[in-house]
Amino acid sequence: MKNEYPGLHPFLRGWMGLGLAISATFGMAADLPPAALQALRQANVPPSAISVQVTPLNSATPRLAHRAQVPSNPASVMKLITTYAGLSLLGPDFTWRNRVYADGPIKDGVLQGNLILRGSGDPKLVIERLQDLMAQLSALGLRDIRGDIVLDRSVFEVTPRTEAFDDEPLRPYNVSPDGLLLNFKALIYTFTPDAATGQVNVRVEPPLAGFDAPRSVPMGNGPCQDWRSQLRADFSQAQQVRFAGSYPASCGERPWPVAYASPEVYGSKLIQAVWLASGKQLGGQVRYGSLPAKARLLLEAPSLPLAEVIADINKFSNNVMAQQLFLTLSSELGAPGRFEASRLRVLQWWHTQFPGQIEP
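Small disclaimer: the values here were computed from a predicted structure and weren't measured.

(A) How the structure looks around the packing of helix α3 (residues 78-90) against helix α7 (residues 306-316). At a minimum axis distance of 10 Å, the contact between α3 and α7 shows a crossing angle of 175 degrees. Considering the angle they form, α3 stands roughly antiparallel to α7. Across the interface between the two elements, Lys79, Leu80, Thr83, Gly86, Leu87 and Leu90 of α3 pack against Leu306, Ile310, Ile313 and Asn314 of α7. The class makeup of the residues in the contact of α3 with α7 is six nonpolar, three polar and one charged.

Have a look at this one:
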């Protein structure tokens, strides 16, 4: 959807004030409370740069209004429109259906052919749920694939971004949407100081085939401030990450989520690592492809309910999860999910829900 919505519905525009320290001292409706003004001063944000409206659900009278009718860039507040549309059009109990197929016979635990994992656009197919899916395959007796593991992400038709949303391309929220989005295409580096060895242990999750990173870094002294910069991380080689700096002991244990530098191969390397780690065999490779017509369904793994997914989208302002939901609004109509098709469906819904309001 577009990034600027000059006529945004006042109720939705009011959510722009959620980041302010608005307390119970709302005062007069036309004024910002002292706590909010102080927070704005500390952040060097002029009051003229924001729009705020706070209205009780059981009343049409705002308790607080500041430039409420002035056009503003809603930024991540637009997630409220996406998630509201999702609830209205799909329902809170909606689930994405991840499916696994085989295109050959299985005898004595051996698949003579390919295993196909077809994505559904699931916004939260994280490592724990992927491991559970693999455990279900084990319960079916499958232990050896003589062909390939094929990853089908054709439920969406999107062009990956060539530029990051901002100047931090390795932030996980900058990941592009994917019909088979696995673990947000990200790695979590966890740094744990070990006083006994004088080193800081490094743990990386989830596993990726062929991936290499240091198991420890030197322990540094001093306060815990910009510890990420002190590590002097080099992520330029996706499969060989290096840390040339140190980690302050005063930081204690801390995680650092980082988007994988080569997102186009993340899924294949993750699936290969998880499959082989369970002691199973793979005769071929893990690759992207499409579901063949002759394949038969082995199992279906539903996602978390939409209501739970939406809670994560809005609580953490998760961009890629919001885009997954947005694309699903058009993919559920039977064709591959596309941004323009989803935008048109949201506009139709908007005109039904808010007749006479300027469209988003």
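(B) Seen up close, the environment of Ser250. Topologically, Ser250 is positioned in the loop between β14 (247-248) and β15 (254-259). Separated by 84 residues in the primary sequence, Ser250 and Asp166 place their C-alpha atoms 30 Å from one another. Ignoring any residue separated from it by four or fewer positions in sequence, one finds Ser250 in contact with Gly222, Pro223 and Cys224. Among the polar contacts made by the side chain of Ser250, one reaches the main-chain carbonyl oxygen of Gly222 at a distance of 2.7 Å. There is a polar contact of 3.1 Å between the side chain of Ser250 and the backbone nitrogen of Cys224.

(C) Broad picture of helix α4 (residues 127-139). Between its first and last C-alpha atoms α4 spans 18 Å; for 13 residues at 1.5 Å apiece the expected length is 18 Å, and the two agree. Among the residues making up α4, those that are buried are Ile127, Arg129, Leu130, Leu133, Met134 and Leu137. On its buried face, α4 is in contact with β3 (97-102), β6 (115-118), α6 (263-277) and β18 (296-302).

(D) Summary view of unusual backbone geometry. At the junction of Glu205 and Pro206, the peptide bond is cis and its omega measures out at -5 degrees in the coordinates. You will see that Ala75, though not glycine, has its phi angle at about 50 degrees, which is positive. Tracing the sequence through the fold places Ala75 in the loop between β2 (64-66) and α3. Judged by relative accessible area, Ala75 falls into the partly exposed class, the value being 45%.

(E) Layout of the state of the cysteines. Per the stated rule, a full pass over the model turns up one disulfide. What pairs with Cys224 in a disulfide is Cys251, and their sulfur atoms sit 2.0 Å apart. Judged by the torsion about the S-S bond (105 degrees), the Cys224/Cys251 disulfide is right-handed. Highlighted residues: Cys224 in the loop between β11 (216-220) and α5 (227-231) and Cys251 in the loop between β14 and β15, separated in sequence by 27 residues. With relative accessibility at 24%, the residue Cys224 sits in the partly exposed group.

(F) Representation of the packing of α3 against helix α9 (residues 339-353). The interhelical angle for the contact between α3 and α9, taken along N-to-C directions, is 80 degrees, at an axis separation of 11 Å. The angle between the axes of α3 and α9 places the two elements in the roughly perpendicular class. Here Ile81, Tyr84, Ala85, Ser88, Leu89 and Leu90 of α3 come into contact with α9, specifically with Arg345, Val346, Trp349, Trp350 and Gln353. Partitioning the contact of α3 with α9 into residue classes produces eight nonpolar, two polar and one charged.

(G) Fine view of the sheet that holds β18. Taking strand neighbours across the sheet as the criterion, the five strands line up as β17-β8-β6-β3-β18 in an open arrangement whose pairing is mixed. If you trace the sheet from one side to the other, it starts and ends with β17 (286-288) and β18, each paired once. Taking the axes of each pair of neighbouring strands and ignoring which way they run, one obtains an average angle of 20 degrees across the sheet. Two elements, strand β8 (residues 149-152) and β17, share three bridges in a ladder whose sense is parallel. Counterpart to Leu151 in the pairing with β17 is Tyr288.

Conventions used here
Residues numbered from 1 in each chain as written. Predicted model: local features only at pLDDT ≥ 70, side-chain atom pairs only at ≥ 80, totals over all residues. Heavy atoms only, no water. Axes fitted to C-alpha atoms, helices over the stretch in contact; angles between N-to-C directions. Helix = DSSP H or I, 4+ residues; strand = E, 2+ residues; numbered from the N terminus. Parallel < 35°, antiparallel > 145°, perpendicular 65-115°, else oblique. Contact = heavy atoms within 4.5 Å. Nonpolar A, V, L, I, M, F, W, Y, C, P; charged D, E, K, R; others polar. Polar contact = N/O pair within 3.5 Å; in protein donor to acceptor, adjacent residues only side chain to side chain. Expected span 1.5 Å × (residues − 1). Buried < 20%, exposed > 50% of the residue type's maximum accessible area, 1.4 Å probe, protein only. Disulfide = S-S within 2.5 Å. Pairing = 2+ DSSP bridges.

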